[in-house]
Amino acid sequence: MRYMDKTIVGLSIAFVVLFCADFFMAEWVRFIGLQSLARGAVALGLLVLWRTGLVSFGHALYFGFGAYAAAMLTLIGYHDAFFLVFAGTLAAGVLAYLLGFLLRRYRAIFFALLNMAFSMILYGVIVKTEELGSTDGFSVLTPTFLGYAPKGEAVQTTLFIFTLVFTYIITVGVHLYMKTTLGGMSMAVRENEIRVEYLGYSAEKVIHVKYVFSGLVAGFGGAIMALAIGQVDPDSMANWTVSGEFVFITILSGIGNVGATYIGALVFELIRTYAFEYAPLFWQFILGGSLLAIIMFLPDGIWSLFGRLRRSDSSESSSSSNKAPSP
Amino acid sequence: MQELIVILVDGLVFSSYLFMVSVGLTVIFGVMKILNVTHGAFYAFGAYMSATLIGAYYNTDLPEFGGFLAIFAAAIIVGVFFGIVLERGLLRFLYHRDEHIIVLATFAMFLVLEDVLLMIWGTDPYYAYEPMALLGAVDIVELTFDVYSLTLIGLAVIVALGLWLGLTKTKWGKLLLAVIFDREISQAMGINVTVVFTVTFVVGSIMGALGGAYIAPTISVSPGIGVEVIILSFAVVVIGGMGSIPGAIIGALLVGISRAAAVHKFPEIELFVIYAIMALVLAIRPEGLFAPAQARKI
Amino acid sequence: MTAVLEVRDLQKNFGAVIAAKDINVTVNEHEIIGIIGANGAGKTTFVNMVTGYLKPTSGQIEFAGRNIMGLPPRTITNLGISRSFQVPQVFASETVFDNLMMAYAITEASGLELLSPLYNDERAARVDSHLARYQIAEYRNATSSTLPQGVRKLLDIAMAAVSKPTILMLDEPTSGISVEEKFDLMDTIMEALRQDQTTVLFIEHDMEIVERYVSRVLAFYQGRIICDAPVAEALLDPGVREFVIGEEYHRTRTANGNGGDNGGQL
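Residues numbered from 1 in each chain as written. Chains lettered and ligands numbered in written order. Predicted model: local features only at pLDDT ≥ 70, side-chain atom pairs only at ≥ 80, totals over all residues. Heavy atoms only, no water.

> Explain the interface of chain B and chain A to me, please; I cannot follow it from the model alone.
Accessible area lost upon the coming together of the parts serves often as the stated size of an interface. On the chain A side, the residues contacting the 44 residues of chain B number 40 residues. For the pair chain B and chain A, the two sides together bury roughly 3800 Å², of which 82% comes from carbon and sulfur. Remark: the boundary between chain B and chain A carries 0 salt bridges. In this structure, the connection of chain B to chain A is made through 4 residue pairs in polar contact (both at pLDDT 80 or more). Only helix H4 (99-121), helix H10 (225-240) and helix H12 (270-284) of chain B provide two or more residues apiece to the side of chain B that touches chain A. (Contact = heavy atoms within 4.5 Å. Buried area = accessible area lost by both parts, 1.4 Å probe. Salt bridge = Lys/Arg side-chain N within 4 Å of Asp/Glu carboxyl O. Polar contact = N/O pair within 3.5 Å; in protein donor to acceptor, adjacent residues only side chain to side chain. Helix = DSSP H or I, 4+ residues; strand = E, 2+ residues; numbered from the N terminus.)

> What is the right way to look at the packing of helix H3 (residues 60-75) of chain A against helix H9 (residues 203-229) of chain A in this model?
Residue and element names in this part refer to chain A. Taken N-terminus to C-terminus, the directions of H3 and H9 make an angle of 50 degrees; their axes are 6 Å apart at the nearest point. As judged from the angle between their axes, H3 and H9 are oblique. In the packing of H3 onto H9, the handedness of the crossing is right-handed. Each of Tyr62, Phe63, Gly66, Ala67 and Ala70 in H3 lies in contact with H9, whose residues at this interface are Tyr211, Gly215, Ala218, Gly219, Gly221, Gly222, Ala223, Met225 and Ala226. Classifying every residue of the contact of H3 with H9 gives 9 nonpolar, 5 polar and no charged. (Axes fitted to C-alpha atoms, helices over the stretch in contact; angles between N-to-C directions. Parallel < 35°, antiparallel > 145°, perpendicular 65-115°, else oblique. Left-handed = near helix turned anticlockwise from the far one by under 90°. Nonpolar A, V, L, I, M, F, W, Y, C, P; charged D, E, K, R; others polar.)

> For this particular structure, what's the right way to read the sheet that holds strand S6 (residues 81-83) of chain C?
Remark on secondary structure: sheet strands pair via backbone hydrogen bonds, oriented parallel or antiparallel. All names here are of chain C. Here we have 6 strands laid out as an open sheet, ordered S6-S7-S8-S3-S9-S10, and mixed in their pairing. Of all the strands in the sheet, just S6 and strand S10 (224-230) have a single pairing partner and so form its edges. Recorded for the sheet is a direction-independent mean angle of 20 degrees between the axes of neighbouring strands. The pairing of strand S3 (residues 32-37) with strand S8 (residues 199-203) spans 4 bridges and is parallel. (Pairing = 2+ DSSP bridges.)

> Explain the domain arrangement of chain C here, please?
Residue and element names in this part refer to chain C. Partitioning chain C into structural domains gives domain 1 (3-80 + 165-255) and domain 2 (87-152). When each unit is reduced to the centre of its C-alpha atoms, the spacing between domain 1 and domain 2 is 26 Å. Across the boundary between the two partners, domain 1 contributes 9 residues, which contact 5 residues of domain 2. At the junction of domain 1 with domain 2, the criterion picks out 1 salt bridge. Taking the shortest distance from any N to any O, the salt bridge between arginine 133 and aspartate 196 comes out at 3.0 Å. Along the lines of polarity and charge, the residues of the side of domain 1 that touches domain 2 split into 4 nonpolar, 4 polar and 1 charged. (Domains from an automatic or database assignment.)

> Help me understand the sheet that holds strand S4 (residues 58-63) of chain C in this model?
Residues and elements named next belong to chain C. Spatially, S2-S1-S4-S5 is the arrangement adopted by the 4 strands of the open sheet, whose pairing is antiparallel. Single-partner strands in this sheet number two, and they are strand S2 (17-28) and strand S5 (66-67). Bridge count between S4 and S5: 2 bridges; the pairing is antiparallel. Paired with glutamate 62 across the two strands is asparagine 67, which belongs to S5. Where helix H1 (residues 43-50) meets the sheet, its contacts fall on strand S1 (3-14), S2 and S4, and the angle it forms with S1 comes to roughly 115 degrees.

> Would you mind going over the pattern of salt bridges with me for this structure?
Side chains carrying opposite charge are able to pair once their charged atoms draw close together. Residues and elements named next belong to chain C. Taken as a whole and judged by the stated rule, the model has 22 salt bridges over all chains. Residue glutamate 31 pairs with arginine 216 through a salt bridge whose shortest N-O separation is 2.8 Å. One end of the pair, glutamate 31, is in the loop between S2 and S3; the other, arginine 216, is in strand S9 (residues 216-221), and 185 residues separate them in sequence. Given the relative accessible area of 10%, arginine 216 is considered buried. Of the charged contacts in the structure, one is a salt bridge between aspartate 128 and arginine 140, with a shortest N-O distance of 2.8 Å. Residue aspartate 128 is located in helix H4 (residues 121-133), and its partner arginine 140 is located in the loop between H4 and helix H5 (149-161); the two are separated by 12 residues in the primary sequence. (Buried < 20%, exposed > 50% of the residue type's maximum accessible area, 1.4 Å probe, protein only.)

> Which parts of the structure should I look at to understand the confidence of the model for chain A?
Close reading of the predicted structure is inappropriate where its pLDDT is low. Residues and elements named next belong to chain A. In the predicted model, chain A carries a mean pLDDT of 84, and 92% of its residues have values of at least 70. The least confident element of chain A, judged by mean pLDDT, is helix H14 (residues 303-313) at 61; the most confident is H3 at 93. Contacts of residues 313-327 to residues separated by more than four positions or lying in other chains number 18 contacts, the stretch itself having pLDDT below 50. (pLDDT = per-residue confidence, 0-100.)

> Just checking my understanding: could you explain the packing of helix H3 (residues 96-108) of chain C against H4 of chain C for this structure?
When two helices pack together, their arrangement is given by the angle between the helix axes and by the axis-to-axis distance. Residue and element names in this part refer to chain C. Running from N to C, H3 and H4 point in directions that differ by 120 degrees, and their axes come no closer than 9 Å. By the angle between their directions, the pair H3 and H4 is classed as oblique. Read as a crossing pair, H3 and H4 show a hand that is right-handed. Seen from H3, the contacting residues are Val96, Phe97, Leu100, Met101, Tyr104, Ala105 and Glu108; seen from H4, they are Arg123, Ala124, Arg126, Val127, Asp128, His130 and Leu131. Tallied by class, residues from the contact of H3 with H4 come to 9 nonpolar, 1 polar and 4 charged.

Shown next, in the form of structure tokens:
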């Protein structure tokens with residue numbers, strides 16, 4: 001390493017700060033934090049896809065699949081968080097791997113909608129399955145952590161640290177991955193698939209890899225969410241509007257930086273929580289309005305705000321829209 | 001045998017309904033390459049406006065059949081108003097952006113309009129059964145069907161024919177086909193694409209609103225009706241090939257009849273049979289059954 | 001002379017239209033071959049079939065003793081046949097340097113190496129020497145979409161040459177280039193490729209270019225090869241003069257060689 005990677009430094013500082021803060025946070029703050037980490041992880045997967053030029057309107061499929069896989073394991077007596085989250089992540093990853101053989105042939109709006117079709121099939125299956133509580137879902141018992149069985153507030157405190165550690169590892173991993181050849185090929189596939197093929201590599205294979213990754217992290221986010229809320233239900237985990245929310249977070253965060261997805265998720269969670277709190281009838285109005293405002297006035301997402309600040313105190317101008325940073 | 005007839009008639013009625021709600025979506029996509037999620041809100045507004053106008057109409061002493069005019073008036077009011085406001089006020093600023101961003105913007109607008117709907121009409125359901133009661137019922141092979149639902153088939157046929165004639169026989173239609181085929185060349189040839197876009201969007205909006213307005217007498221008009229419709233019409237349009245009107249007809253028939261069959265034979269798979277068809281069709285024919293030809297530039 | 005590419009009875013139909021028929025060619029090592037013919041004569045279709053973009057209807061293509069017909073472009077590229085495009089296929093929003101970094105990285109990495117960093121100093125040095133060889137070093141940090149046409153053509157060809165292919169097929173390298181620049185561009189390309197001893201086939205409309213750079217000519221007319229001969233002989237061939245050159249000279253004089261056929265939408 002010739003110099004310290006700023007993103008990794010930033011992520012590490014955030015990790016330490018959040019780790020310490022966990023012991024002092026109010027319960028509702030921690031809850032928002034947990035949800036932001038879970039959704040941010042999903043958005044991270046969508047970010048990787050987006051850099052490849054693809055947007056999915058159906059990642060609630062993997063989110064819901066991961067959540068339900070973890071929750072169903074608790075029904076048959078498994079309660080260890082490590083096992084549940086691992087299983088949820090893996091289940092979603094396997095599903096993404098299988099569907100990936102089909103989806104990697106699609107681009108643009110067809111990719112987006114085919115994903116949505118698959119997510120609605122899952123939604124339909126859940127709603128029609130009485131054993132899984134149909135539209136009401138079912139509750140998930142408190143998890144244990146490698147034999148440690150926390151009680152009361154300690155459950156959420158432990159879950160928060162658990163989630164924080166894994167999201168940190170995943171996020172740093174993604175950041176490093178983006179600098180590798182395979183990571184950089186996102187750009188190549190987005191810009192010109194014909195050239196990629198004529199350089200001797202399969203664009204579909206690149207897309208498949210990214211897709212499986214996005215499925216894995218969405219499953220991870222879903223499993224965490226199931227444990228955090230202590231409940232799974234189709235409308236908040238597998239419906240198409242949930243997929244829309246993930247895309248919302250991705251747009252909100254912008255393509256600039258892996259850490260931004262968590263800031264985006266946090267902002268989303270705050271808008272939603274406060275809108276729901278103060279204007280329960282009009283929270284969709286507020287959510288939709290903020291999304292429109294971001295699309296119109298912050299086309300490169302929240303991260304561009306930081307970019308603007310940085311640009312104002314240095315003369316170096318960096319490239320802006322929808323562009324991955326060059327090595 | 002009886003069951004088959006029920007499935008067929010139910011299927012045709014449902015197909016007509018699906019065609020009515022999805023044709024606006026496919027027209028807008030065909031010309032503007034925009035997947036308009038707000039479409040679901042047009043449908044819901046059409047239904048509410050129609051229920052309100054029908055209610056108001058039957059409070060007067062005007063002739064009973066005039067109630068049908070209220071339905072079309074509702075569709076035109078809603079379609080023209082929201083069509084113009086949305087296209088001129090929002091979408092035209094986004095034409096140069098990524099197609100996914102535009103979809104997301106219409107999704108945002110959909111969320112906003114869902115709540116605007118609540119602000120105007122509240123959460124209580126509305127009923128406007130008068131036009132349906134007026135037409136009564138009819139027996140087909142010892143089975144009773146309400147006539148109003150059957151007229152939906154006629155309306156769908158009229159709309160389909162109207163669009164076909166409008167596109168192939170009028171000067172406007174030909175301009176539209178030129179824009180669909182190659183936007184840039186059309187512009188270079190002096191076609192005013194801005195006007196074409198606005199008009200297309202308004203026409204598409206009116207059709208979305210008409211779907212809701214016409215169906216309003218047969219349902220309880222309540223919050224959330226737009227969500228289901230947007231998903232259904234996506235499926236229809238994607239199956240048929242986005243932007244293709246014959247595709248919308250075939251897609252609607254395929255989905256409508258299979259759903260009717262599912263409802264009668266395997267009620268437990270009713271909800272996802274539609275998406276299963278969509279996934280299947282896409283797996284075999286990526287761009288839908290009737291993807292329109294496009295100019296390709298490499 | 002060793003044969004590297006053998007094409008036998010190749011045919012391509014688009015529906016009822018026959019785009020190529022009875023194509024028989026043997027290409028020997030280190031040959032420089034010019035492919036000439038009017039628009040729609042089947043030149044690009046031929047290149048598209050050999051490089052895997054189009055699947056031939058029937059026939060046989062053998063490269064280095066191996067049947068490559070029906071293989072996807074990436075496999076054919078990896079075996080050693082590369083190509084450039086009439087419309088340059090580059091990563092438009094990236095710099096020239098990043099375009100070539102990516103080309104080198106994809107060419108060099110396989111398996112787990114794909115997970116090693118894309119950027120390293122040795123690779124960057126290779127990119128820079130490649131840039132110098134193709135005389136586009138001064139555009140190193142320019143975004144590809146802003147490049148002049150000639151430079152973009154060079155970049156496209158330079159990217160195709162990264163893998164040091166045995167055979168390189170160039171689809172109209174000089175189309176869209178002004179008459180004054182054509183020879184400089186071709187000098188640069190041919191000099192760079194000579195160092196790798198690459199076998200070159202290129203589609204060209206300008207007979208002066210053909211005369212100057214190639215040893216052998218394949219003349220296409222209505223999907224068939226009507227002449228396969230050394231350049232001097234080919235340019236005197238009555239069939240070639242009537243069906244290719246006559247029309248071509250006329251066309252290049254009036255339209256400056258900007259056109260091009262589009263066999264298979266490329």
